[in-house]
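The lines below spell out each chain.
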Amino acid sequence: MAPDRWLSSWALASVALGATSLLIPLYFVTIGGSTLLLGVLAGTAAAAGAPGALLFGRLADGGGNRRALVLVALGLAAAAIAVVSATDAIWLVIAGNAVLWFAAGAVAPVLTLLVTVGSPERDWPGRFAALNRYQGWGWAGGLVLGLAWTTALSGPLGVVYAQRTLLWVCAGVTAAAALLAARWLPREPSGDETAPRPSHVARALARSRRLPVRSATFPVGPARLYWLTRSLHPRQLAARLTPSLSLYFVAVVAVFTGFGVFWGPLPSYLAGTLDYGSGVVFTLYLLSSLGSALCFGLAGRLAERYDTIGLQAGGLLARAVLHPAVAVVGLAVPAGSLGLLTNGVVFGGIGVAWAVVAITAAAIVTRLAPPAIRGEALGLYTAISGLATGVGSVAGGWLGGYGFTLAFGVAGGFVLVGTLLVALIWRRTARAEQTAATPTESL
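In this report, the structure presented in the accompanying data block is examined. If you're wondering where the values come from, they're calculated on a predicted model, not measured in any experiment.

This brings us to the overall build of the protein chain. Check the secondary structure of the protein chain and you find 16 helices and zero strands. Relative to its 443 residues, the protein chain shows a buried fraction of 56%. For the protein chain, the share of sequence-separated contacts (at least 6 apart) that also reach a separation of at least 24 residues comes to 86%. As displayed, the protein chain offers around 17,500 Å² of accessible surface, 67% of which is attributable to carbon and sulfur atoms.

Set out below in structure tokens:
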């Protein structure tokens, strides 16, 4: 058996996750879910992954049967999708979606642990990159599946039928992924002696900059959330936070709240206000995801040449403008092909801007944090960005009930506040570095 064969089962599961990440919100809108409750749907999904990652990560790290944990998580995900497909009860859909993303979060740190089996620590970043590659392109494949399925069936059979049948397919795909995982997952002793130290995994994850396609819309990886917070000591961390790092975390709260405010009510706006079909909505999300995936490498090269803080400020400024631009396009550009084309460009730009933000974030935290707390600082960044996204999603649903132009404008405002704070940090660090270099230059 090829050493990476089992990753194909995770790629297959990622196809289902990628499709359902947008399909369930669209189905929720179709069966009458309000914009406010759509925000709740998105917020609970964003929050559910964290406890799943922490629970299953602890079990796996403590010597639990890792193969069994993966199979339980995939089985739970398949069951959750099946429940959603069988009901039109609003709160049951919200609960089923939360269980789905609890399971997706739960499996992530276990897979991160399994992918290191049999590899020296120096190779772990490459192994994580392989895991993310399988996951990311599986996720993109799920968006393509959603596009093709809903476009083909929505017209002749109706939107609800097309969406429900695709949910059935996704449940079956997840179940098939579980069966393949049971056959292909590596068998390895479950004792503590096989588990790498959390600090080693966290350090390797921090070095691994290649991010999955899913990060275009879901910025916080549950695997990173577990490993980077595994040895988090809040009091010790708080005592060692520098002013610049503290200010950056405030910026992170503002930025990811804005992201949540934008993405939370977005499916309702696209499917309801603009009356886009499911296939069109899938296309726009796919453009955003592919924009990120295709530009991660370029963003990494730019980060090596230019100041990462200034580079991130530019990426954030772009998103601060592009989020409200989605509403402006709906108001100012005529409906039809021109409006759709313009929105496609905007969504692609949103994805490209995310690539810049995602690539530079870890470098900025590492640069601003004292060496003794760099790992913990990365964990804190991961945790607060996820929490802010969940809160922002709920707030976005509430604001969307008053108007999507208001919601997207507030989203851009939050991101702009974060951008200004990052720009302030950029100016302060540049001034400090110039001051530190002056005595040397005068010798």
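Once that is clear, we can look at the packing of helix H13 (residues 308-332) against helix H14 (residues 337-368). Orientation of H13 relative to H14, taken along the N-to-C sense of each, is 150 degrees, at an axis distance of 8 Å. Considering their axes alone, H13 and H14 lie roughly antiparallel with respect to each other. For the pair H13 and H14, the sense of crossing is left-handed. Its residues assigned to classes, the contact of H13 with H14 comprises 19 nonpolar, nine polar and two charged.

All chains considered together, the criterion is met by one salt bridge. For Asp307, the salt bridge identified is with Arg367, shortest N-O distance 3.2 Å. Of the two residues, Asp307 sits in the loop between helix H12 (278-305) and H13 while Arg367 sits in helix H14, which places them 60 residues apart along the sequence. Residue Asp307 is classed as partly exposed on the basis of its relative accessible area of 26%. Note on Arg367: relative accessible area 30%, which makes it partly exposed.

A separate point is the packing of helix H1 (residues 5-30) against helix H3 (residues 66-85). One can describe the packing of H1 onto H3 by two numbers: an axis separation of 12 Å at closest approach and a directional angle of 30 degrees. Between H1 and H3, the angle is such that the two are roughly parallel. Here the hand of the crossing between H1 and H3 comes out left-handed. Two secondary-structure elements touch here, H1 through Trp10, Ala13, Thr20, Ile24 and Tyr27 and H3 through Leu74, Ile81, Val84 and Ser85. Residue composition of the contact of H1 with H3, by class: seven nonpolar, two polar and no charged.

What counts and what doesn't
Residues numbered from 1 in each chain as written. Predicted model: local features only at pLDDT ≥ 70, side-chain atom pairs only at ≥ 80, totals over all residues. Heavy atoms only, no water. Helix = DSSP H or I, 4+ residues; strand = E, 2+ residues; numbered from the N terminus. Buried < 20%, exposed > 50% of the residue type's maximum accessible area, 1.4 Å probe, protein only. Contact = heavy atoms within 4.5 Å. Areas by Shrake-Rupley, 256 points an atom, 1.4 Å probe, with all protein chains shown as cover. Axes fitted to C-alpha atoms, helices over the stretch in contact; angles between N-to-C directions. Parallel < 35°, antiparallel > 145°, perpendicular 65-115°, else oblique. Left-handed = near helix turned anticlockwise from the far one by under 90°. Nonpolar A, V, L, I, M, F, W, Y, C, P; charged D, E, K, R; others polar. Salt bridge = Lys/Arg side-chain N within 4 Å of Asp/Glu carboxyl O.

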